[in-house]
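Listed below are the residues making up each chain.
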2 protein chains.
Amino acid sequence: MKELDLSIIGKKSEEIIFKYSWKDVVLYALGIGTKIDELQFLYEGYSNGLKVIPSFACIAAARGLQLRRLGKIEFSHFVHGEQSIKLYKPFTPSGEIIIQGEISNIYDKGKAAVIHALVSGYNSNKEHIFDTEAVFFYIGAGGFGGDPGPKVEPINPPKGVNPDFSISYDTDETQAALYRLNGDFNPLHIDPEFAGRSGRFRGPILHGLCTYGIATRAIIYGACDGKVERLKEFKARFTREVYPGERLTIEGWKDNGRYIIQVRKDETVVLSNAYAIVE
Amino acid sequence: MKELDLSIIGKKSEEIIFKYSWKDVVLYALGIGTKIDELQFLYEGYSNGLKVIPSFACIAAARGLQLRRLGKIEFSHFVHGEQSIKLYKPFTPSGEIIIQGEISNIYDKGKAAVIHALVSGYNSNKEHIFDTEAVFFYIGAGGFGGDPGPKVEPINPPKGVNPDFSISYDTDETQAALYRLNGDFNPLHIDPEFAGRSGRFRGPILHGLCTYGIATRAIIYGACDGKVERLKEFKARFTREVYPGERLTIEGWKDNGRYIIQVRKDETVVLSNAYAIVE
């Protein structure tokens, strides 16, 4: 059985400074497939100022995850299951973010341990910029007699109802090769032999957070009229792998002050149990 | 008339350290359109080691150009006319290059001044890695009573002879937006308004050095069996602009120990007077 250091639950990590330039912002935008007519995300001299796609929070947050605090992890059994972002203030085109993380809970699902990792970001004026929560399944690390965690209410699109928006994007075959330059260098996303060894994939897969970023971009257009500052929250579950080059369709249904979101490739749902809150 | 400080001719610039990581190498490769099946240029864990496309020398050399030594330049009248690279030793996947530049000549073509800028790169063991020469036309800066320079022998493909290799690549509409992250931030390559203001272009154009890098990549496959270390020299003249999204065809004809090279978009030649020496 894989062991986790449960004593770190709730203990905040040290603060880290995440410093970024407009080039990091543009690299992120290109990494999630931003097109040339979306200049607000690509050009540092854009007339109204370069805008940062809010899921950039995940790039900043990755520096604060510090999963090594959990002990020695076998990353081949570590699966990113869910991601959420809450946004309080838009990112500036460049700057410094103070990052602090925390493992908030580790639930015991028998086969797997389910790890909830929170990261918060503040600017140098101590203004709250974002919170992120990532949920990881650590296969083979359950069965330690812990709390199985709360039951999660499923979120599904209404049956037979047309979505309020539907946007499709082709990903590029080099999408993961480019996205990984943002800092997630797991060979699963570029090395055919490594990816094949798992037996689960026919080749390198796209980063879940790349799909998540693509979905965020679609929500900005579909639900926020292209304005990044209108997105307040986006949460999704990673249901199936995406291969670079596949076409994604992002759809949203208005539902009591939020949008229910679904992302699929053809008929296969890849992001599920998803919602966005916009203002 | 635009004035240039002619006194700097032949004076070497100070040495600069160009430090790069595998991420810079991969970003460059993606910037010149490298595809996912060319893993030797994209994956830092590639079985035989990440390979650096030799035109990366132009990225290193740009740090050593120091064109400000020429005086105040109006870059809107400054045109990159020719580029050559000579390669003595392959780049390591990451490292430090000692860069030193020199304006070797400024010729007087009447209307324009023609500026020849040499840059050399050495590794930390003082081993010679590359020389580059860039030729710039500075429109309106001629007529200072200088030497018009030597007559250049035209280099043309043999008429009616099929090339020894012909490789076509589609560029992406975001090609220039990505390429510029390598360090050439001229808005001509991303800002539609800026590009239109010149009256010469219908929109942002691809960096000449991006086309040059794409051609280098093609030469590696067409003439060097995919082996970067076999390319020893590549020189070309920038004849016409390329727009991101256009398809380029790179062709080479064997000619007395070298290849005559030509790059065109449809029937329009964009790199001319070009040759490559391979080993």
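The text that follows walks through the structure, step by step, so that each part is easy to find. Given the structure is predicted, the values throughout are model-derived calculations rather than measurements.

At an RMSD of 0.0 Å, chain B and chain A line up after a rotation of 180° and a shift of 0.0 Å along the axis. Both chain copies can therefore be described as sitting about a two-fold axis.

Take the pattern of salt bridges next. A full pass over the atoms with the stated rule returns 29 salt bridges over all chains. A salt bridge links Glu-193 of chain A to Arg-197 of chain A, with the shortest nitrogen-to-oxygen separation between them at 3.8 Å. Here Glu-193 of chain A pairs with Arg-197 of chain A, and both are found in helix 4 (residues 192-197), just four residues apart, close to one helical turn. Like Arg-197 of chain A, Glu-193 of chain A is exposed. Of the charged contacts, one joins Glu-267 of chain B and Arg-264 of chain B as a salt bridge, the two residues approaching to 3.8 Å between their closest N and O atoms. Look at Glu-267 of chain B and you get exposed, because its relative accessible area is 67%. Given the relative accessible area of 17%, Arg-264 of chain B is considered buried.

Turning to helix 5 (residues 208-224) of chain A, a few remarks are in order. Every α-helical turn comprises 3.6 residues, leaving residues that sit three or four positions apart pointing alike. Residue and element names in this part refer to chain A. Here helix 5 contains 17 residues, and its C-alpha end-to-end distance of 23 Å stays within 8% of the 24 Å for a straight helix at 1.5 Å per residue. For helix 5, a buried count of 14 out of 17 residues is recorded, marking the element as mostly surrounded by other parts of the structure. Positive backbone phi, approximately 55°, marks Asp-225, located one or two places after helix 5.

Note: most peptide bonds trans; most residues except glycine with negative phi. Backbone geometry at Lys-126 of chain A places phi at a positive 65°, although glycine is not the residue there. Checked against the element boundaries, Lys-126 of chain A lands in the loop between strand 4 (112-122) and strand 5 (128-139). In this structure, Asn-256 of chain B is a non-glycine residue whose phi angle is positive, near 50°. Counting through the fold element by element, Asn-256 of chain B comes out in the loop between strand 8 (247-255) and strand 9 (258-265). For Asn-256 of chain B, a relative accessible area of 79% puts it in the exposed group.

This part takes up the sheet that holds strand 4 of chain A. Residue and element names in this part refer to chain A. Read from one edge to the other, the open sheet built from ten strands follows the order 1-3-4-5-2-7-10-9-8-6, with strand pairing classed as antiparallel. Both edges of this open sheet fall to strand 1 (16-20) and strand 6 (165-170), since each of them pairs with a single strand only. The sheet shows a mean angle of 20° between the axes of neighbouring strands, taken without regard to direction. With eleven bridges joining them, strand 4 and strand 5 adopt antiparallel strand pairing. Paired with Val-119 across the two strands is Thr-132, which belongs to strand 5. Across the face of the sheet, helix 2 (residues 57-65) comes into contact with strand 1, strand 2 (78-87), strand 3 (95-108), strand 4 and strand 5 while running at roughly 65° to strand 5. Packing against the sheet, helix 5 makes contact with strand 2, strand 6, strand 7 (231-238), strand 8 (247-255), strand 9 (258-265) and strand 10 (268-278), and its axis sits at approximately 140° to strand 7.

Counting residues at the interface gives 24 residues for chain B and 24 residues for chain A. On the chain B side of the contact with chain A, Ile-36, Tyr-43 and Leu-181 of chain B bury the most area, a combined 26% of that side's loss. The tally of links from chain B across to chain A stands at two salt bridges. Here Arg-180 of chain B ties to Glu-44 of chain A by a salt bridge, and the two come within 2.8 Å at their closest N and O atoms. Across the contact surface, chain B and chain A share four residue pairs in polar contact (both at pLDDT 80 or more). Considering every element that reaches the side of chain B that touches chain A, the biggest residue donor is helix 1 (residues 22-31) of chain B, with five residues.

Scoring rules and cut-offs
- Residues numbered from 1 in each chain as written.
- Chains lettered and ligands numbered in written order.
- Predicted model: local features only at pLDDT ≥ 70, side-chain atom pairs only at ≥ 80, totals over all residues.
- Heavy atoms only, no water.
- Least-squares fit on C-alpha atoms with pLDDT ≥ 70 in both.
- Salt bridge = Lys/Arg side-chain N within 4 Å of Asp/Glu carboxyl O.
- Helix = DSSP H or I, 4+ residues; strand = E, 2+ residues; numbered from the N terminus.
- Buried < 20%, exposed > 50% of the residue type's maximum accessible area, 1.4 Å probe, protein only.
- Expected span 1.5 Å × (residues − 1).
- Pairing = 2+ DSSP bridges.
- Axes fitted to C-alpha atoms, helices over the stretch in contact; angles between N-to-C directions.
- Contact = heavy atoms within 4.5 Å.
- Buried area = accessible area lost by both parts, 1.4 Å probe.
- Polar contact = N/O pair within 3.5 Å; in protein donor to acceptor, adjacent residues only side chain to side chain.

In short, shape yes, function no, at least from these values alone.
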